[in-house]
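# Structural description and commentary
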Amino acid sequence: MDRYFKAEIKGNYKVNPTTAVISFSPKEGVQLPQPGQFYMIQVSKGIDPLLKRPLSIFSIKDQCIHLLYKIVGRGTECLSKLPLGETIELIGPLGIPYPTPNGEFIAIAGGTGVASIHGLIERFSQKAYLFYGARSVEELIMTDSIKNLSYQSFFSTDDGSYGIKGTVIDALDRVDNLTMDVYACGPHLMLSAVINWARQRGLRCYVSLEEYMACGVGACLSCVVRTNDGLKSVCKDGPVFNSEDIVW
Amino acid sequence: MVNLSVNICGITLKNPVMTASGTFGYGEEYSEFVDLNKLGAIVVKGISLKPKEGNPTPRIYETPCGMLNAIGLQNVGVEEFISKKLPFLRQYDTPVIVNFFGDSIEEFVETANALNNADGVSALELNVSCPNKAAGWSNFGTDEVLMSKVIIAVRRVVTKPLIVKLSPNVSDIKRMSVISQECGADAISLINTITGMSIDIKKRRPVLANNTGGLSGPAIKPIAVRMVWEACQVVRIPVIGMGGIMTAQDAIEFFIVGARAVAIGTANFVNPRATLDVISGLESFLINEGIQDINSLIGTLKLHERTTCN
Ligand SMILES: Cc1cc2nc3c(=O)[nH]c(=O)nc-3n(C[C@H](O)[C@H](O)[C@H](O)COP(=O)(O)OP(=O)(O)OC[C@H]3O[C@@H](n4cnc5c(N)ncnc54)[C@H](O)[C@@H]3O)c2cc1C
Ligand SMILES: Cc1cc2nc3c(=O)[nH]c(=O)nc-3n(C[C@H](O)[C@H](O)[C@H](O)COP(=O)(O)O)c2cc1C
Ligand code: FES
């Protein structure tokens, strides 16, 4: 069960101009990940960039683990250039996974938060009322796969170029009888809105948070979030939290 | 078999490789990756009298070949450290060195006293890289007078070995090294992080919520080697070297300039087994070089004859 291991890159393909999926097969004996967990992944062979980057479980399929990432800076840029067959180091799976849903659930993804939510709806296929929002259609990814995995799916874009014009909250407000547990991953502002939405309806809500990370194992204390029980590490005590526990 | 064992102020270390404070949690966080029994010593996250929350996030930011951190010395406080964290570490046959700090001399002394009496603490590492409340938050580690006062005060209550961890944010590290020795330190360790800053040019704001942070990692290694070399020239007490060590080769530079032991910091984040890799790399180096004992590598630097200023 070694959580620090090397793996060969089996795939590293762009799904749109700024987003890619990297795949590797875990070695024997390596712990299999649960949706909501993440890996710290090496992005370069040298010492610059130095730190590993946290990426969520996007999919576990065909004996491979797939991570979806948006190219936003130097680290993810380097990652996108790594060739097939290259061996990279990973630490993981890390963190607390999403709790297993009791039956149907509401899944909400914003932007690259779709990576982690995709991992969840893949595992609990046909159980999700999925809400997925992005700025515009160019940023929505894997819409077909997401439609197939969800029981029902609702898309929204800020500019109305796909699905409902507006935010995921606008989409949520259009659907009746949403009384299930909520699972959400996305930007801070979206999560705040989702938490409020769920609170108004008395729904249990789990959110997956992001913070800058260095170690991924709770040692450096860089990734803290305030909770009712004091400061917690997003990498070790999260990234999934019950929304009522966090203090933003 | 080569000998890797060294002695630091009366403590025998199995090997000269320790963890750097703040980069290895309280040991437990990395125990899944590293057999803690294999380490020379475990240096834990800096402890203060009362629990401390630290700074807002973002607390870290990656920079070329290194990182800035402004954790703000978040820690569980000395009481919880002794009752909740130390029992775990006592299971291991590895010396535990406790890094500690305070925002007043009284706090330093009280914390030192508690740690001095705690079972399972082998030595104390006094972290002077923190601000002093009474002196308008000027830094203990960069002010000679403040630093002397705190070392002398702590020395009075500490019977265990006392290591003073020096700040590199000074113009003359030799002077700070000598002062530490004269005020009663049994050893010195260096370097702590170098104060730095990164700017988000779109927002025109510092990237870190604390505005500035401490630079660590390979970027600082040449500075660390130079400072450790300077310190080794002027003190008789052992010097523990750190700053940017990623590999055994990096560590060997520190031994050659005179460090008796080394600490691994940022490298743990990149490679959770960095400490063990450095230990095995050291062993191979000694074997390949035909050196029987690490102690005969320490301080063997052969300087060039200097002809000009650098
Ligand atoms: C638990 C967790 C899971 C994540 N899962 C995914 C995922 O599945 N797919 C994905 O595309 N992204 C994910 N992220 C975000 C991803 O880690 C960052 O986008 C990535 O580290 C950026 O690296 P960079 O060097 O390319 O960018 P940089 O040049 O370092 O920074 C560009 C921007 O990326 C963001 N960022 C940088 N470092 C981090 C970090 N360590 N954590 C969070 N944000 C950061 C900041 O907003 C920054 O301004 C996750 C983050 C966390 C904490
Ligand atoms: C995240 C982080 C936290 C740190 N916390 C402490 C601390 O609590 N006390 C201390 O004396 N040094 C602390 N340091 C400094 C390190 O112990 C070490 O001196 C420095 O990082 C240089 O070594 P490195 O380049 O190998 O990391 C910290 C460093 C980092 C990166
Ligand atoms: S990333 Fe180090 S504590 Fe979370």
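Whatever comes next refers back to the structure up there.
So, a few notes on the structure that sits alongside this text. (Residues numbered from 1 in each chain as written. Chains lettered and ligands numbered in written order. Predicted model: local features only at pLDDT ≥ 70, side-chain atom pairs only at ≥ 80, totals over all residues. Heavy atoms only, no water.)

Attention shifts here to the overall build of chain A. Counting its secondary structure elements, chain A contains 5 helices and 16 strands. For 248 residues, the compact-globule formula gives about 18 Å, and the C-alpha radius of gyration of chain A, at 17 Å, lands near that figure. With the C-alpha coordinates aligned to their principal axes, the bounding extent of chain A is approximately 50 × 40 × 30 Å. Burial analysis of chain A (248 residues in total) assigns 57% to the buried set. A fraction of 59% describes how many contacts in chain A between residues 6 or more apart in sequence connect residues 24 or more apart. For chain A, the computed accessible surface area is about 10,600 Å², with 49% contributed by carbon and sulfur atoms. The centroid of the 24 positive side-chain charges in chain A is displaced by 3 Å from the centroid of its 25 negative side-chain charges. (Helix = DSSP H or I, 4+ residues; strand = E, 2+ residues; numbered from the N terminus. Rg over C-alpha atoms; globule rule 2.2 N^0.38 Å. Buried < 20%, exposed > 50% of the residue type's maximum accessible area, 1.4 Å probe, protein only. Contact = heavy atoms within 4.5 Å. Areas by Shrake-Rupley, 256 points an atom, 1.4 Å probe, with all protein chains shown as cover. Lys, Arg positive; Asp, Glu negative; His and termini not counted. Charge placed at Lys NZ, Arg CZ, Asp CG, Glu CD.)

Below, the discussion takes up the packing of aromatic side chains. Residues and elements named next belong to chain A. For the structure shown, the criterion picks out 17 aromatic pairs over all chains. Judged by centre distance (5.4 Å) and plane angle (70°), the rings of Tyr129 and Tyr151 are edge-to-face. Within this pair, whereas Tyr129 is found in strand S9 (residues 128-134), its partner Tyr151 is found in the loop between helix H3 (143-149) and strand S10 (152-157), the two being separated by 22 residues in sequence. Accessibility expressed as a relative area gives 13% for Tyr129, which makes it buried. Residue classification places Tyr151 among the partly exposed residues on the basis of a relative accessible area of 42%. Among the aromatic residues, those joined into a ring-pair cluster are Tyr98, Phe105, Tyr183 and Tyr206. (Phe/Tyr/Trp six-rings, centres within 6.5 Å; stacked < 30°, edge-to-face > 60°.)

As a further point, take the sheet that holds strand S7 (residues 96-100) of chain B. Residues and elements named next belong to chain B. The 8 strands lie next to each other as S3-S18-S17-S12-S11-S8-S7-S4, forming an open sheet whose pairing is parallel. The open sheet terminates on both sides in strands that have one partner only, identified here as strand S3 (17-19) and strand S4 (42-47). Neighbour-to-neighbour, the strand axes of the sheet open up by a mean angle of 25°, direction not taken into account. Inspection of the sheet shows S7 paired to strand S8 (residues 123-127) by 4 bridges, in the parallel sense. Paired with Val98 across the strands is Leu124, a residue of S8. Sitting on the sheet, helix H8 (residues 274-289) touches S3 and strand S18 (261-264), and the angle it makes with S3 is about 170°. (Pairing = 2+ DSSP bridges. Axes fitted to C-alpha atoms, helices over the stretch in contact; angles between N-to-C directions.)

Before going further, it helps to examine the side chain of Asn127 of chain B. Residues and elements named next belong to chain B. With respect to the secondary-structure elements, Asn127 resides in strand S8. Among the polar contacts made by the side chain of Asn127, one reaches the main-chain amide nitrogen of Ser129 at a distance of 2.9 Å. Here Asn192 takes part through its side chain, which lies 3.3 Å from a polar atom of the side chain of Asn127. Those residues within four positions of Asn127 in sequence are excluded, and the remaining contacts are Leu73, Asn99, Phe100, Phe101, Phe108, Lys165 and Asn192. (Polar contact = N/O pair within 3.5 Å; in protein donor to acceptor, adjacent residues only side chain to side chain.)

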